Structure formats: structure tokens, C-alpha cells
Amino acid sequence: MVHLFIILASLNSSGQGYNLVGNSTQSGGDCFILTQAQQWQNGAIWYEEAINISEPFSLQFTINFGNLDAAGADGMVFVMQQVGNEVIGVPGAGMGFEGFSPSLGVEFDSFQNVSFGDPAFDHLAINTNGNPNHNLVGNLAGPVPISPTSDNVEDGQDYVIDISWDPSSNTFSVSVNCEVRLQVNVNLEFFVFTGSQDVFWGFTGA
């Protein structure tokens, strides 16, 4: 059980709203709660309009994983998918990301599922096609510790996340508290989304 909290700060294609699905709620302004500290919660927040991945984008948001360490699970995922903006994935270890294919996910995992190749520390990874299993080919990068300074992010602290995409160099980058944690070179349009440019983005948590 983990109380997943998110503040959406900025996107270069701003001006639209967000659709809340499942257990997610809005707590004021651009602040959202993905899940409550209860068992089998599953929430999603989707930007209303699709974005074109042939163009660059940058996103900054603040997340809080609550303070339930040993008793907490499972985490949240920044997701890009093509199903729509009113959908939700598989709860539990799937973190609401499982079930979307094609898709790209940046996993912020605060629970160790040994069968998925999860390390003991709270970790970050970039995965494809709704599968958070690090043992499979769809794991593009990671896992690495989410925090540059600690193995545990269920500490009640806020973490500033920056995600950027540059199609001119096929560079997808994730930073935590202004430090690059993962960077991968991947052609999103043809390798992940098989020739389609329009995708929905948002956050899932379970």
C-alpha cells in the first residue's frame, strides 16, 4: 500500500486538462492522488489530447511515494500509449501499466517483485508494451535507483522528475532532482509505436 501523489508542473503543449480513471482523485489545482494507502488501488491520469512524437517534448512533475516503506506497494509509471485517455491497466505489480501494447513506460517501482527481476532498492526503468519485467527484451534501460542519494523513496519527500524526448536524435531522457538517471536512444515512432505518431500520455499507479 502506498499513497501515490503527483503534481503536474509543465508541458510544452500546455493548456489542456486531464482525465482521471479508477481510484485517482484531484487534490487541488494541478495536484493529483493516484492511489490511496489501501490495498488493490488502481488509478490513472491522462492528458486529454494526444501528442505527436515526431515533435520534441519536455515534462516536469513532482511525485511523492508516501512513507510506507516495508508495507508499501507497488509504484507508478509514466505511460505513453495509443488506446485512449479513459483507460486503465492491470493493478498490483503491473502498476496500471500492464495491458497497454504498444506502449512506453517509465517505471517508478517502490516494491520488489523478484520474479520480475526487481532489485531490492526502489528503482527506475524504461519498459515497453505494458510489461514491467526487467528480464525481458522490452526492458530498454535500468533498473537503477530512483533517487541519486537513497535506495528508499518512500520517505515522505517530494521528487522532481524531468522527462524529455528529442526525435532529432531519438533520445529519451529521465532525470530525478536535476540528475539524469536514465537515457536511451530509441525510435519511438517506428520501434515502439510502429509508424504512428499520435500517442496519449499520463500516469498510472497501483
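Caption draft 1: Inspection of the pattern of salt bridges at higher detail. Scanning all chains against the criterion turns up one salt bridge. The partner of Glu179 in a salt bridge is Arg181, with the nearest N and O atoms 3.3 Å apart. Note on Arg181: relative accessible area 18%, which makes it buried.

Caption draft 2: A look at the confidence of the model for the protein chain. The predicted model of the protein chain has a mean per-residue pLDDT of 87, with 89% of residues at 70 or higher. The least confident element of the protein chain, judged by mean pLDDT, is strand β1 (residues 4–11) at 50; the most confident is strand β13 (residues 171–176) at 98. Overall, residues 9–15 carries pLDDT values under 50, and its contacts beyond four positions in sequence, including any with other chains, amount to 17 contacts.

Caption draft 3: Expanded view of unusual backbone geometry. For the peptide bond that leads from Ser101 to Pro102, omega is 5 degrees, which places it in the cis range. Among the structural elements, Pro102 can be located in the loop between β8 (75–81) and β9 (103–109). Cis rather than trans, the peptide bond between Gly142 and Pro143 has omega equal to 10 degrees. Within the element layout of this structure, Pro143 appears in strand β11 (residues 139–145). Phi is positive for Met95, close to 55 degrees, though the residue is something other than glycine. With respect to the helices and strands, the residue Met95 is situated in the loop between β8 and β9. For Asn129, which is not a glycine, the phi torsion comes out positive at approximately 60 degrees. Among the structural elements, Asn129 can be located in the loop between β10 (123–128) and β11.

Caption draft 4: Layout of the packing of aromatic side chains. The final tally for this structure, using the stated rule, is eleven aromatic pairs. Judged by centre distance (5.0 Å) and plane angle (20 degrees), the ring pair of Tyr47 and Trp201 falls under stacked. A residue pair is termed long-range when its members are at least 10 positions apart, and Tyr47 in strand β5 (residues 43–47) and Trp201 in strand β15 (residues 198–205) qualify at 154 residues. As far as burial versus exposure is concerned, Tyr47 and Trp201 are alike and both buried. Put simply, the rings of Tyr18, Phe32, Tyr47, Phe61, Phe78, Phe108, Trp201 and Phe203 touch in pairs and so form one group of aromatic residues.

Caption draft 5: Main features of the nonpolar core. Core analysis: the largest hydrophobic core is formed by 38 residues, its most contacted members being Met80, Phe108, Phe172 and Leu188. Not counting chain neighbours up to four residues away, the residues in contact with Met80 comprise Ile53, Phe57, Pro102, Ser103, Leu104, Phe172, Leu188, Phe193, Val199, Phe200 and Trp201. Counting nine residues, the second largest nonpolar core, distinct from the first, contains Val77, Val79, Val87 and Met95.

Criteria and thresholds
- Residues numbered from 1 in each chain as written.
- Predicted model: local features only at pLDDT ≥ 70, side-chain atom pairs only at ≥ 80, totals over all residues.
- Heavy atoms only, no water.
- Salt bridge = Lys/Arg side-chain N within 4 Å of Asp/Glu carboxyl O.
- Buried < 20%, exposed > 50% of the residue type's maximum accessible area, 1.4 Å probe, protein only.
- pLDDT = per-residue confidence, 0-100.
- Helix = DSSP H or I, 4+ residues; strand = E, 2+ residues; numbered from the N terminus.
- Contact = heavy atoms within 4.5 Å.
- Phe/Tyr/Trp six-rings, centres within 6.5 Å; stacked < 30°, edge-to-face > 60°.
- Core = buried A, V, L, I, M, F, W, Y, C linked by side-chain atoms within 4.5 Å.

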